[in-house]
Amino acid sequence: MIVIWKSQQLARILLPEATTLTALAPLLLAYRSDFALSMTNGLETSFGCAFLLCGLIALQRAWNEDHRYSEWTGLLYLVLAGLSRPELSVLYPLLVGIKIWNKERVNYRAAALYFLPFTIVGLFSLVFYHSLLPNTYFAKRVDVPTGLIYGGAYAMKYLMAPTVLVPGLFSLLCLGAAAARPARFNRIFFVTLALYLAF
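Chemist: Please give an account of the nonpolar core that cites residues and values.
Modeler: One recurring pattern in soluble globular proteins is that nonpolar side chains are buried together. Counting 26 residues, the largest nonpolar core has Leu10, Leu52, Leu59, Leu78, Tyr92 and Tyr114 as its most contacted members. Broken down by secondary-structure element, the contributors of at least two residues to this core are α1 (2–14), α4 (45–63), α5 (71–84), α6 (91–101) and α7 (108–129). Among the elements that take part in this core, α4 stands out by supplying 8 residues, more than any other. Apart from the residues lying within four places of it in its own chain, the contact partners of Leu59 are Glu71, Gly74, Leu78, Tyr92 and Leu95.

Chemist: Mind laying out unusual backbone geometry, listing which residues take part and the relevant values?
Modeler: Even without glycine at this site, His130 takes up a positive phi of about 65°. Examined against the element boundaries, His130 turns out to sit in the loop between α7 and α8 (135–140). By relative accessible area, which is 66% here, His130 ends up exposed.

Chemist: Account for the packing of α1 against α4, with residues named and values stated.
Modeler: It is the contact of α1 with α4, at a shortest axis distance of 9 Å, that shows an interaxial angle of 30°. The orientation of α1 with respect to α4, classified from their angle, is roughly parallel. In the packing of α1 onto α4, the handedness of the crossing is left-handed. Judged by residue contacts, Ile2, Val3, Lys6, Ser7, Gln9, Leu10 and Ile13 of α1 engage Ser46, Cys49, Ala50, Leu53, Cys54, Leu56, Ile57, Gln60 and Arg61 from α4. The residue makeup of the contact of α1 with α4, split by class, is 10 nonpolar, 4 polar and 2 charged.

Calculation rules
Residues numbered from 1 in each chain as written. Predicted model: local features only at pLDDT ≥ 70, side-chain atom pairs only at ≥ 80, totals over all residues. Heavy atoms only, no water. Core = buried A, V, L, I, M, F, W, Y, C linked by side-chain atoms within 4.5 Å. Buried < 20%, exposed > 50% of the residue type's maximum accessible area, 1.4 Å probe, protein only. Helix = DSSP H or I, 4+ residues; strand = E, 2+ residues; numbered from the N terminus. Contact = heavy atoms within 4.5 Å. Axes fitted to C-alpha atoms, helices over the stretch in contact; angles between N-to-C directions. Parallel < 35°, antiparallel > 145°, perpendicular 65-115°, else oblique. Left-handed = near helix turned anticlockwise from the far one by under 90°. Nonpolar A, V, L, I, M, F, W, Y, C, P; charged D, E, K, R; others polar.

Such coordinate-based values are descriptive only and should not be taken to indicate function.
Now the structure itself:
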């Protein structure tokens, strides 16, 4: 429920004038069967998604001078998201990198402290398990040609599913609406999203 609620809050932030579109965001998210299944399977996905959305919302508000929100709050949420799902840990560095690229003010102390928990976990993993990589890496590792074939087939199957096509078209509509009136955070968010999806 937190993920659906926060998805509407983030949609309102990104598209403040498109009230109809933002009202549909949580419905389209709940419509996706893969989302519903991943939220009820008891794994870390729902936990990580909730922290990720809370972190993005807190950062956006802090970066837009809303003094009720602190960048440290957003940072804490994003650290918790990254500790629950390692691939989520790349989002904050991407956001900071884009702020540096845009010559915007960056809280370097917060950025440096962001890496502290991951450094501690990495050192523990290296000492205890003798590897920085999680065990799932070794369980799912295949050679590159096989990985490209399996990955391509998986991506096509995923992209052609009806529960992806409808929200996908909605996302394109949202991107068009956001591009028409690009706010500063929207540019940062959508560039970061594109880089994350490429990763």
